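Here is what each chain is made of, one letter per residue.
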Amino acid sequence: MKHELIESNIVILGKFNSSKFDKLFFIKNKLIKEDSFLDSSIFTPDFCRIDTKEILINIRSSQAVIVDKLSSDKANLNKIAKVMLLDEKNVTAIGLNFKYLFFANDILKHTKNVFFPTKSEIINSEFSDDNSAFGFYASKDFKNSRLKLDIKPVALTNIKDDSEIEALSFDFNYHILNEKSKLANTLDDYSSYLKEVEKI
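Computed from a predicted structure; not experimentally measured.

Each value, and the rule that gives it
- Throughout, a residue's number is its position along its own chain's written sequence, starting from 1.
- Totals for whole chains, interfaces and linings use all residues, but because this is a predicted model, local features are given only for residues with pLDDT of at least 70 and pairs of side-chain atoms are given and counted only at 80 or more.
- Side-chain descriptors were evaluated using all non-hydrogen atoms of the structure, hydrogens and water having been removed beforehand.
- Helix and strand definitions here come from DSSP, where helices need a minimum of 4 consecutive H or I residues and strands a minimum of 2 consecutive E residues; each element is numbered from the N-terminal end.
- Residue contacts are defined here by distance: any two heavy atoms, one from each residue, within 4.5 Å place the two residues in contact.
- Accessible area is worked out with a 1.4 Å probe on protein chains only. A residue is then buried under 20% of its type maximum, exposed over 50%, and partly exposed in between.
- Any N or O atom pair separated by 3.5 Å or less is treated as a polar contact, with the protein-specific requirement of one donor-capable and one acceptor-capable atom, and with residues adjacent in sequence counted only for side-chain atom pairs.
- Pairing between strands is defined by DSSP: at least two bridges between the two strands are required.
- Definition used in this section: a nonpolar core is a set of buried Ala, Val, Leu, Ile, Met, Phe, Trp, Tyr and Cys residues joined via side-chain atoms within 4.5 Å.
- The working definition used for a salt bridge is a side-chain nitrogen of Lys or Arg within 4 Å of a carboxyl oxygen of Asp or Glu.

Structural notes on the environment of Glu196
- With respect to the secondary-structure elements, Glu196 resides in helix H6 (residues 190–199).
- Each C-alpha atom, one on Glu196 and one on Asn78, is 16 Å from the other, the two residues being 118 residues apart in sequence.
- If sequence neighbours within four positions are ignored, Glu196 has contacts with Lys140, Phe142, Leu147 and Tyr174.

Structure below.
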């Protein structure tokens, strides 16, 4: 099946003072160049939205979400998260998230062939129609994290002609609860978490 990484992001959970993360913070720490900020960026005492062509960052009182808009500049995503992590107190956890789409003909049939639990009486009696779709959930420990994988069929709209495209969404989430120093080490080792996803 053809597949594509469509989104990667890092979520930092904790207590954030949004007013600290102004333009100067990102410029001073050499994370974002001054001319890279788009007009859609917003800075208020309660909420910050930092928008560039490559990165989108949303900061609220309880979390910061750093999105790689191009799914290509992993090192910069990682660097931004690490600087924000070390600058904030009361950081409790981070999440590393990767979303892939897999494309194939007749996704419903494919999910039934792969994920249909033949020994389940309820599934066999209630979800045996041709229009039934199936997914999959699994989790395991990986290094200092819990990796969760959620697979499900999705319907997308083709922006060129409004036609519907069927795909399988593979959502990988690493949840890491740890001390701040170890969270920083995790971000230094970001590439190994991505490699584990690519291996799966």
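Some points on unusual backbone geometry
- One non-glycine residue, Lys30, lies in positive phi territory at about 55 degrees.
- When you line up the elements, Lys30 lands in the loop between helix H1 (23–28) and strand E2 (42–43).
- On the basis of relative accessibility, which here comes to 69%, the residue Lys30 falls in the exposed class.

Brief notes about the side chain of Ser169
- Inspection of the secondary structure assignment puts Ser169 in strand E9 (residues 164–177).
- Among the polar contacts listed, one links the side chain of Ser169 to the side chain of Lys99, at a separation of 2.8 Å.
- Only 2.9 Å separates the side chain of Ser169 from the side chain of Asp171, close enough to count as a polar contact.
- Aside from chain neighbours lying at most four places away, what touches Ser169 is Lys99, Tyr100, Leu101, Asp150, Ile151, Lys152 and Val154.

Considering the pairing of strand E5 (residues 63–68)
- In terms of burial, E5 is largely enclosed, as five of its six residues are buried.
- Here strand E1 (residues 2–14) pairs with E5 via six bridges, running antiparallel. When the sheet's bridge partners are listed, Val11 is paired in E5 with Val65.
- Looking at chain direction, strand E4 (residues 55–59) and E5 are connected through five bridges and run antiparallel. Among the inter-strand pairings, Ile59 is bridged to a residue of E5, identified as Ala64.
- Remark: three residues form the turn of the hairpin made by E4 and E5, two consecutive strands paired antiparallel.

Things to note about the nonpolar core
- Core analysis: the largest hydrophobic core is formed by 48 residues, its most contacted members being Ile12, Phe26, Ile57, Ile59, Met84 and Phe98.
- Here this core gets six residues from one element, more than from any other, and that element is strand E6 (residues 91–103).
- Excluding anything up to four places from it in sequence, Ile57 contacts Phe26, Ile32, Cys48, Arg49, Ile50, Val65, Ile66, Ile80 and Met84.

A few points about the pairing of E9
- Sheet topology places E6 next to E9; 11 bridges connect them, and they run antiparallel. Looking at the pairing, Phe102 lines up with Leu168 of E9.
- With 12 bridges joining them, strand E8 (residues 145–157) and E9 adopt antiparallel strand pairing. Across the sheet, Ile151 pairs through a bridge with Phe170, a residue of E9.
- The loop that links E8 with its antiparallel partner E9 comprises six residues; one of these, Asp162, has a positive phi angle of about 65 degrees.

Considerations on the pattern of salt bridges
- Under the defined criterion, the tally for this structure stands at eight salt bridges.
- Linking Asp171 and Lys99 is a salt bridge whose minimum nitrogen-to-oxygen distance equals 2.9 Å. Separated by 72 residues along the polypeptide, Asp171 in strand E9 and Lys99 in strand E6 bring together distant segments of the chain.
- The class of Asp171 is partly exposed, set by a relative accessible area of 23%.
- Classification of Lys99 by relative accessible area gives partly exposed; the value is 24%.

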